Amino acid sequence: MHKRRIFKINKISNLGFIKGLIPKNSFVKNVGLLAGGQAIAQLILVASSPILTRLYQPEDFGVLGAFTSLLNIFIAGSSLRYDLAITVTNDEKDAVNLVKLSFIYLLLTNILFILFLLLFWDLNSERFSISYSSYIFITLPIGAFIKGSYTILNFWSVRKSQFKLITKTKINQSLICTFSQMSGYLISGYVLIISQVIGELYSSVKLFKNFASKNLLNKLDFIDFVNLSKKYKKYPLYSLWANLTNIASLQIAPLLIVAIFNAKAAGFYLLAYRTVGLPMNLIGSATGQVFLANAPNLKRKDELKNLILNVYKNLVKISLIPFLILLIMGPDIFKLVFGNEWIEAGKFASAMSPWLFLVFISSPLSNLFTILDRQRMSLIFCIGLFLARVSTLL
């Protein structure tokens, strides 16, 4: 029985069955590979939710949501967006050095993040009302560096069109995270958090080994550091703030819910978002990564417009009906799947469905500003979006 289970997991990780379902067209094939793999990764997390909701309290999910949101907001600016330039630049040497430059800025911003936590943690930790808040304080900077490393290395893998590697690590990350959360529930709710960090550590190590295996770990001297920072200065000047406001507007909800209400209410929100938003967003994210890898070349061929229209139309087609069902039947679905205690999460999901639908069809095209070199316009757009989203929660 044990050998059979290992065989099944390896079969999933090898992705053979996914490749057999993917069309020959390279763009569609890459989207299918990423979307299929990430959908499986997310399906593992979603499928485990009915079990996890019976092992952990809503408060534990609320703390996990706040932890994840804080990390995601930090990661949005941790490399000053120089990591985004890795996929866009035409210069291969610059791309390699941008990876190293991004890691330098990640280290520096992580130090600032630690100082921020030292200043403000004691003032806000009592809002969580949990026994393991001190462990979260220690885990936050560690998790931030691991997640930031994964983001940088993922951009490198996208540049090299290593979609199979990205997909495989994502699936294994979900397996590791889910197994750890289920097996360690008797310890405390902190296991939800540390299991997530362990899963991301696995993915970061795998992608780093891939980067290092190409003999790309030569030293980046100070002159290169300064020259690269100047050459790609549009990214910290415009893309950084645009991305920060965009991610903050998406991720600030659990933090505000904890601050205004309590961790239990944030737990309902997290389950709703995790069950409904993330599966759809991961498909959109996969589409967006492949779009980012192909769009610069199509722009040079003056064929970008057709790609944009096709992506937009297909996303609307596959998502409209599921979101309509959620809008009408959200509370009933959550009551059936997760139990009576989580019916409030279904109300959250139903109310969020129009917003999640719009996020899903637009997010893959969010890098269009970067491809068109319109970072300033992106900043203005994202600030407006941030103010609109936050105002609905206040």
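Look above for the structure.
Residues numbered from 1 in each chain as written. Predicted model: local features only at pLDDT ≥ 70, side-chain atom pairs only at ≥ 80, totals over all residues. Heavy atoms only, no water.

### A word on the overall build of the chain
Logical step 1: If you tally the helices and strands in the chain, you get 16 helices and 0 strands.
Logical step 2: Here the chain holds 394 residues, and the buried ones make up 53% of them.
Logical step 3: Contacts in the chain between residues far apart in sequence, at least 24 positions, make up 83% of those at least 6 positions apart. (Helix = DSSP H or I, 4+ residues; strand = E, 2+ residues; numbered from the N terminus. Buried < 20%, exposed > 50% of the residue type's maximum accessible area, 1.4 Å probe, protein only. Contact = heavy atoms within 4.5 Å.)

### Some thoughts on the nonpolar core
Logical step 1: Residues Leu98, Leu101, Phe291 and Leu304 are the most contacted members of the largest nonpolar core, which totals 85 residues.
Logical step 2: At 13 residues, the largest contribution of residues to this core is made by helix α12 (residues 263–300). (Core = buried A, V, L, I, M, F, W, Y, C linked by side-chain atoms within 4.5 Å.)

### Topic: a positive patch on the surface
Logical step 1: On the surface, Lys164, Lys168, Lys206 and Lys209 cluster together to form a positively charged patch.
Logical step 2: Going through the elements one at a time, α8 (163–183) and α9 (190–212) are the ones with two or more residues in the positive patch.
Logical step 3: Structurally, Lys168 is set in helix α8.
Logical step 4: Residue classification places Lys168 among the partly exposed residues on the basis of a relative accessible area of 32%. (Patch = residues over 30% accessible without salt bridge, like charges linked within 9 Å, V, L, I, M, F, W, Y side chains within 5 Å. Areas by Shrake-Rupley, 256 points an atom, 1.4 Å probe, with all protein chains shown as cover. Salt bridge = Lys/Arg side-chain N within 4 Å of Asp/Glu carboxyl O. Lys, Arg positive; Asp, Glu negative; His and termini not counted. Charge placed at Lys NZ, Arg CZ, Asp CG, Glu CD.)

### Points about a nonpolar patch on the surface
Logical step 1: Judged by side-chain polarity, Leu320, Ile321, Leu324, Ile325, Leu327, Ile328, Met329, Ile333, Leu336 and Val337 come together as a nonpolar surface patch covering roughly 920 Å² of accessible area.
Logical step 2: The topology assignment puts Ile333 in helix α13 (residues 304–338).

### Describing the packing of α13 against helix α14 (residues 343–362)
How two helices sit against one another is set out by the angle between their axes and by the gap between those axes.
Logical step 1: Running from N to C, α13 and α14 cross one another at 170 degrees; their axes reach a closest spacing of 7 Å. One way to sum up the angle between α13 and α14 is to call them roughly antiparallel.
Logical step 2: Residues belonging to the contact of α13 with α14 are distributed by class as follows: 18 nonpolar, 5 polar and 2 charged. (Axes fitted to C-alpha atoms, helices over the stretch in contact; angles between N-to-C directions. Parallel < 35°, antiparallel > 145°, perpendicular 65-115°, else oblique. Nonpolar A, V, L, I, M, F, W, Y, C, P; charged D, E, K, R; others polar.)

### Brief notes about α13
Logical step 1: In this model α13 runs just 43 Å from its N-terminal to its C-terminal C-alpha over 35 residues, more than 12% under the 51 Å that 1.5 Å per residue would give.
Logical step 2: The principal kink in α13, of about 85 degrees, is found at Met329, preceding the proline Pro331 by one to four residues.
Logical step 3: Taken as a whole, α13 has its buried residues at Leu304, Leu307, Ile308, Val311, Leu315, Ser319, Phe323, Leu326, Gly330, Phe334 and Phe338.
Logical step 4: One or two residues past the end of α13 sits Gly339, with phi positive at roughly 105 degrees. (Expected span 1.5 Å × (residues − 1). Bend = angle between axes of the 7 residues up to and from the residue.)

Without other data, these values stay purely geometric and don't point to any function.
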